[in-house]
Amino acid sequence: MSKLLGEVFLESIAHEQTQDTELTAQLLKSLSLSQLVSKGLAVNHLAIQNVRTGLAGRMYVELGPDLAYSEEVIRGEVKNGDLVLIKSPSGIQKDGASCEGVVTKSTEKLITIAVDETRESDAMNLYNVSRIHLLKMTNTITYKRMQSTMRKLCELEGTPSNDIVRYLTESSDYTPQFQKLNTVFFNHELNASQKKAIDFSLQNKLSIIHGPPGTGKTHTLVELIRQLHKQGQRVLVCGPSNISVDTILERLAKVLPGQELLRIGHPARLLERNLSHSLEVLSKSGDAGAIVKDIIQDIDRTLAKIKKFKSYKDRREGWKEVKELRKELKLRERKVVTDLILSAKVIVSTLHGSSARELVNCYSQTEHLFDTLIIDEVSQSLEPQCWIPLMSHQKSNIKKLVLAGDDKQLPPTIKTENNIKIKETLSRTLFDRLVKNYGDSFRNLLDTQYRMNIDIMTFSSQKMYGGQLKAAESVANSTLADLPTADSTDETEVPLIWYDTQAGDFPEKDDNNDSTALVSSKLNENEAYLVLYHISNLASSNVPQEAIGVISPYNAQVSFLKKLIHNVYPLVEISTVDGFQGREKEVIVLSLVRSNDKFEVGFLADERRLNVAMTRPKKQLCVVGNMETLRRSKVKYLEDWVTWSEENSEVRYPELGDIL
């Protein structure tokens, strides 16, 4: 089974990579920079703010907004871990200064790019350029790592010796155990479903913690990790993105001893409490840092000189010196890093980062690194990604696997559209496959949510979670009027509002009327003005800007909303639905965009995307959209949502003249 599974995924990954690469190449060739920015595939109006040396001597280029155009970075879909091309303003042709790198930090004020030492001279050339933009590229390293992992899976002969691998390859039946444990919990505020999930995971080799929105999945995982740590286990905690694992790291940092908790890779959010657990920081601080600090300073001084050199000969000699310094730096760093990893008890990394050279090199010093593997946000992960830590750490013979996630929220993004079989193969997550093969025998649902007003929660609970969700008393009846600064008004006392735009004054349109675009996007300008109208009403009721989030399924609409709203309310957060998964706000305004005579709904047909959208708010969900388009879309989920909302939401019928 392992060979068959590996071969199926190898074929699928190769096809997905080809589709991804070709699509990216076509987009870069056919679209203008402004169109790429509109579609979230580029970031423009940037300027270099700093260049510094980081772990392993890697160069970091820090880009901020070009203040002649904007005070913030419009990031689009560019996020941590993305491969990007830094370009001069000579367009997207090949004749300008350019340099490839990987995004390690992305905020509205700063984007940090890690540049490989082989491309450093290219990066330094960008210092002479006044304006910069980024293009999102296909990250082939990600595909290569998955392919390498699947080849290792194919090489397993006979029945795998590891119990976890046998369960995952269906080579053994799974019989869960559940006995009443006398667990002494660290967190006394856990509810019954959370305690049950933890006890189940402690006594079984394979388990899934199913965490719907707001049900405290991260709190549950932190408690589980503390229990495993108390037992003396070494734990590897992984997730598909930097954000997913840094959320857990932030919570663990409050409860685990400093040196026993380590973050591999580049922390996505440089919060003070996270820094003390970063491998990069630890390798440069204290006694460990003293070993490498002097060389890093020599490298930075040499780089500063190179910037001033005019002649090619001087630059070449400078780069030779840097190269030699880097060799010595890597030798010293390897020992420092290995010692830090071996002293840690809980290690946190992305799924891809779990195969980092720093970790794998440790097997030259020890035969065993980890007892338990925890994968969070497994429903957002391609299954081949989930195999990376298992195959990279075969020597550890991992005894326990805990999966955590929600199969009712967005799955991983698949680029393949021309092969249904491959699309289905990659869209089916490890969570999905195990539930299909073994049923719910190892799935533990967290059933109490601590985020949403009960009215906001109810439709999602009924349609996606079999009506099993409960609202905690602390949030069940909470509204915007309960915020300390807010007034009690018609705008703040109601948890569900729907502005029905079916009158015909709110038509959708294609982005820039670009019928040749390879990736279409939609926008609805009058709907955006209606969003601004509602935000203005909230502001008049003294709802803070920071409490408000605006989301839409379409990049073009998000771009238009930002231009329209941020001029007046700069602190309102605006994002795509996909980009807001895992986040929350006191109030969410959801712009649906679709409004047409053919009743086409596009992205809205995906019930998981809408489930994410409608479960982001705590106290108010305001939907702006055409009810008739949804009702006649022939999508049952949308039909049911409209019917339910007509009975349970305050439906408003806006007049365009009152808005514009």
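Owing to the predicted nature of the structure, the values given are computational and were not obtained by experimental measurement.

Student: Is there a simple way to think about the environment of Arg 234 in this case?
Tutor: Secondary-structure assignment places Arg 234 in the loop between helix H7 (217-230) and strand S8 (235-239). Overall, the relative accessible area of 11% leaves Arg 234 in the buried class. It is 9.4 Å that separates the C-alpha atoms of Arg 234 and His 368, two residues lying 134 residues apart in sequence. Setting aside anything within four residues of it in sequence, one finds Arg 234 in contact with Ile 341, Leu 342, Ala 344, Lys 345, Ile 347, Leu 369, Phe 370, Asp 371 and Thr 372. A distance of 2.5 Å separates the side chain of Arg 234 from the backbone oxygen of Leu 369, its partner in a polar contact.

Student: What is the right way to look at helix H15 (residues 420-427) in this model?
Tutor: Every α-helix winds through 3.6 residues per turn, so residues three or four apart in the chain are directed the same way. Taken residue by residue, H15 has Ile 422, Thr 425 and Leu 426 as its buried positions. For H15, the arc enclosing every buried residue in end-on projection is 90°, short of the 170-degree limit, so these residues lie on one face. Taken together, the buried residues of H15 touch helix H1 (2-30). The N-cap of H15, judged by a side-chain oxygen 3.2 Å from the amide nitrogen of Lys 421 a few residues on, is Asn 419.

Student: What should I look at first to understand the domain arrangement of the chain in this one?
Tutor: It is common to give the size of an interface as the accessible area that goes away when the parts come together. When its domains are assigned, the chain resolves into domain 1 (1-141), domain 2 (159-256 + 346-409 + 437-445), domain 3 (274-344) and domain 4 (451-658). Domain 2 and domain 3 are separated by 34 Å when their C-alpha centres are compared. Across the boundary between the two partners, domain 2 contributes 16 residues, which contact nine residues of domain 3. The interface formed by domain 2 and domain 3 holds zero salt bridges in total. Here domain 2 is connected to domain 3 by three residue pairs in polar contact (both at pLDDT 80 or more). The set of elements that each furnish at least two residues to the side of domain 2 that touches domain 3 consists of helix H8 (242-252), strand S10 (346-350) and helix H13 (357-360). For the side of domain 2 that touches domain 3, the leading source of residues is H8, giving three residues.

Quick notes on the rules
- All residue numbers refer to positions counted from 1 along the written sequence of the respective chain.
- Selection of residues for local features in this predicted model requires a pLDDT of at least 70, selection of side-chain atom pairs for listing and counting requires 80 or more, and totals for whole chains, interfaces and linings are taken over all residues.
- Calculation of side-chain values draws on the structure's entire complement of heavy atoms; hydrogens and water are dropped beforehand.
- Helical segments are the DSSP runs of H or I of at least four residues, strand segments are the runs of E of at least two, and each set is numbered from the N terminus.
- Each residue is assigned to one of three classes by its accessible area relative to the maximum for its type, calculated with a 1.4 Å probe on protein chains only: buried under 20%, partly exposed between the two thresholds, exposed over 50%.
- The contact rule is simple, with two residues in contact once any of their heavy atoms fall within 4.5 Å.
- The definition of a polar contact used here is a pair of N or O atoms within 3.5 Å, where within protein one atom must be able to donate a hydrogen and the other to accept one, and adjacent residues in sequence count solely through side-chain atom pairs.
- The directions considered for the arc run from the helix axis to the C-beta atoms.
- What counts as a domain boundary in this text is fixed by an automatic or database domain assignment.
- A pair is scored as a salt bridge if a Lys or Arg side-chain nitrogen falls within 4 Å of a carboxyl oxygen belonging to Asp or Glu.

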